Amino acid sequence: MLPSLLVSLLAVASVHAQSGTLDLSFDEVGWVNQGQGQNSIYGTAMAVRANGNIVLAGTSSTGFNGTNKQMAYMELSPVGEVLALNFFGADDRDDFTTGIAIQPDGKLILAGYSSPIVSPLVNDIQLVRVDLDGTLDESFGVGGIVITDFSQPGEPTIEVANGVSVLPNGNILVVGTGDEGGGGDQMLLARYLDNGDLDAVGFGTGGRSYTTPGTPGGGLGMKVLSDGRILAVGYTYDGGEQPVLARFSSSGSLDPTFGTAGFAGFNGFLGIAFSLDIQSNGSILVGNQNENGAGMEVFRITSEGAFDPTFGFLGAVSTFIYPPAGGLTPAIVRVQPDDRIVLAGTNENSQFRALRYTPNGTPDATFGNVGSFTLSGVNGAALCASLQEDGKLLLGGFTRDGVGTRSFYICRLLNDLTVGVEDLTTGGSSVLVYPNPVTDEATFTYELDVNATVSIQLFDAKGALVRTILGRSERQAGSQMEVLDLAGLPAGRYMLGLSTGDRTVQVQLMRLQ
């Protein structure tokens, strides 16, 4: 008889909690609501540090629809404690945040746009770099701020950054919308050096690249591939709202091998593509907002740029969940490491919504209420979402009080992420790792119903062996306990593999700094 094992990955406070429900270990209620007195503040972008801290970036203003808008961010500990609330801006300009990225050294890049208060229709790309102590990084741009105006004399133009990524070499890439020489808005990519100067030699023309299959149009999100190529989503109004997905070379030129002349086709579907993520086989998921009939949607595009009609129903997952009247809110798609799909946004009642689907686009009834989560009792909007390394889902945006004043808001949902976890149950034994997430040391307990030769190995997120915890060793039937030493390993996600002859189970671990 071979030994039998049952995997039971433990999140200590939520062993039996439902996936897709509020995580009550997050500030004890599952959410954090941080206001700014009588001033409004709303979140539009989110990132998670390697140590598990959560950063929500956005914009503050004096009163509802007030003036003197500033870039802002809030940093939380992994359990929801507010660690910082900082603001950046000039008295003579309005500054807006639309994106955030974290450098390897921990510095924050806030991206968005800025406009002179006297000329509110003239927007310029703005980047801000924030040091670890929450102050502006003086080595970046002018006093920590970069403002980029691409307009020509006598021809003021509009440039807006809607997303930002830090590249492996330290360069900074933004995606957004720009008007090239008065020819109408187009999707814009711009690349900056580490000091904030445009990469005028290595990227596009003078550090920027414009392209859209029709005008007007724009870019709203991007993903940088491992080979340096860039996927960007957005929209065009060429004959109506149409989603756009384009692929670029690492130097900013359209990749003609993708789709048709660098653009993917959407089989006649309409809408605005706000976000994208990638499944393990290279398929591209696009989050679309279609106000004309289907609400939030997800499309799947092959890695070659072809529309995938086998996904969902005729190539689309349509939710029929519409944004609040008078406001277009994003459809945010995120792919779990097990390829299941999360779609987040806001419904017509100004409530946070999240839905989960199987990798092929069918509703996942194990999540929330038959595949769906609704945050009731809160009037606001979900404008960003992130998956933590432990699989928990973060939704960020704002809530609004009775007079319209907005506050930063984040809620966290539990998740039953089971990447690489194989249930080999043939008896009543169990495997347990605690604590999880781990700092330097954890305890690993398991049961064997027969004597067995056991080996335990630790793998990184890419599947590479990083440490042997236990070489092939004989263990007697019954309860077992091993000490896991993770000291010296980088923060991140790991898989613990337990082998007993021809049976193997893997348990996901998260190591914090």
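As a reminder, the structure under discussion sits directly above these lines.
Residues numbered from 1 in each chain as written. Predicted model: local features only at pLDDT ≥ 70, side-chain atom pairs only at ≥ 80, totals over all residues. Heavy atoms only, no water.

**Overview of the overall build of the protein**
Here is step 1 of the chain: Helix and strand content of the protein: zero helices and 34 strands.
Here is step 2 of the chain: Taking contacts inside the protein between residues at least 6 apart in sequence as the whole, the part at least 24 apart equals 54%.
Here is step 3 of the chain: Surface summary for the protein: the accessible area is close to 20,400 Å², and the carbon and sulfur share equals 51%. (Helix = DSSP H or I, 4+ residues; strand = E, 2+ residues; numbered from the N terminus. Contact = heavy atoms within 4.5 Å. Areas by Shrake-Rupley, 256 points an atom, 1.4 Å probe, with all protein chains shown as cover.)

**Examining the packing of aromatic side chains**
Here is step 1 of the chain: Within the structure shown, the criterion is met by 11 aromatic pairs.
Here is step 2 of the chain: Measuring from centroid to centroid gives 4.7 Å for F96 and Y113, while their planes differ by 15°, and the two rings are stacked. Taken together, the residues span a long stretch of sequence, with F96 in strand β6 (residues 93-102) and Y113 in strand β7 (residues 108-116) at a distance of 17 residues.
Here is step 3 of the chain: Ring pairing ties together the aromatic residues F266, F269, F299 and F307, which thus form one cluster.
Here is step 4 of the chain: Directly above the aromatic system of F150 lies the positively charged group of R208, at a separation of 4.2 Å from the ring centroid. (Phe/Tyr/Trp six-rings, centres within 6.5 Å; stacked < 30°, edge-to-face > 60°. Lys NZ or Arg CZ within 6 Å of the ring centre and 35° of its normal.)

**Re the side chain of D23**
Here is step 1 of the chain: By secondary structure assignment, the location of D23 is in the segment before β1 (31-34).
Here is step 2 of the chain: The class of D23 is buried, set by a relative accessible area of 2%.
Here is step 3 of the chain: Among the polar contacts made by the side chain of D23, one reaches the side chain of K392 at a distance of 2.8 Å.
Here is step 4 of the chain: The residues contacting D23, other than those within four sequence positions of it, are G30, K392, R412, L413 and L414. (Buried < 20%, exposed > 50% of the residue type's maximum accessible area, 1.4 Å probe, protein only. Polar contact = N/O pair within 3.5 Å; in protein donor to acceptor, adjacent residues only side chain to side chain.)

**Focus: the sheet that holds strand β2 (residues 40-48)**
Here is step 1 of the chain: Read from one edge to the other, the open sheet built from four strands follows the order β2-β3-β4-β5, with strand pairing classed as antiparallel. Looking at the sheet topology across the chains shown, the edges are occupied by β2 and β5 (82-88). The sheet shows a mean angle of 20° between the axes of neighbouring strands, direction not considered.
Here is step 2 of the chain: Pairing of β2 with strand β3 (residues 54-61), which is carried by eight bridges, proceeds in the antiparallel orientation. (Pairing = 2+ DSSP bridges. Axes fitted to C-alpha atoms, helices over the stretch in contact; angles between N-to-C directions.)

**Concerning the nonpolar core**
Here is step 1 of the chain: Within the largest apolar cluster, 21 residues are counted, with the highest numbers of intra-cluster contacts made by V433, F444, Y446, V454, I456, L484 and L496.
Here is step 2 of the chain: Here I456 is in contact with F444, Y446, T468, I469, L470, E482, L496, G497 and L498, once residues within four sequence places are set aside. (Core = buried A, V, L, I, M, F, W, Y, C linked by side-chain atoms within 4.5 Å.)

**A word on the environment of G327**
Here is step 1 of the chain: Mapped onto the elements, G327 comes out in the loop between β20 (316-318) and β21 (332-335).
Here is step 2 of the chain: Placed 23 residues apart in sequence, G327 and S350 show a C-alpha to C-alpha distance of 9.9 Å.

**What to know about unusual backbone geometry**
Here is step 1 of the chain: Positive phi is not limited to glycine here, since D27 has a value of about 55°.
Here is step 2 of the chain: Residue position: D27 is located in the segment before β1.
Here is step 3 of the chain: Residue D27 is classed as partly exposed on the basis of its relative accessible area of 38%.

**Digging into the pattern of salt bridges**
A side chain of one charge can pair with a side chain of the opposite charge when the charged atoms of the two come close.
Here is step 1 of the chain: In the structure shown here, the tally under the stated rule is 18 salt bridges.
Here is step 2 of the chain: In this structure, R191 engages D199 in a salt bridge whose closest nitrogen and oxygen atoms are separated by 2.8 Å. There is no split in this pair, since R191 and D199 are both buried.
Here is step 3 of the chain: Across the salt bridge formed by D255 and R229, the nearest N and O atoms sit 3.2 Å from each other. On the criterion of sequence distance, the pair formed by D255 in the loop between β16 (242-248) and β17 (272-278) and R229 in the loop between β14 (217-224) and β15 (230-236) is long-range, its members being 26 residues apart.
Here is step 4 of the chain: Within this structure, K107, R129, D137 and D194 form a network of salt bridges that share partners. (Salt bridge = Lys/Arg side-chain N within 4 Å of Asp/Glu carboxyl O.)

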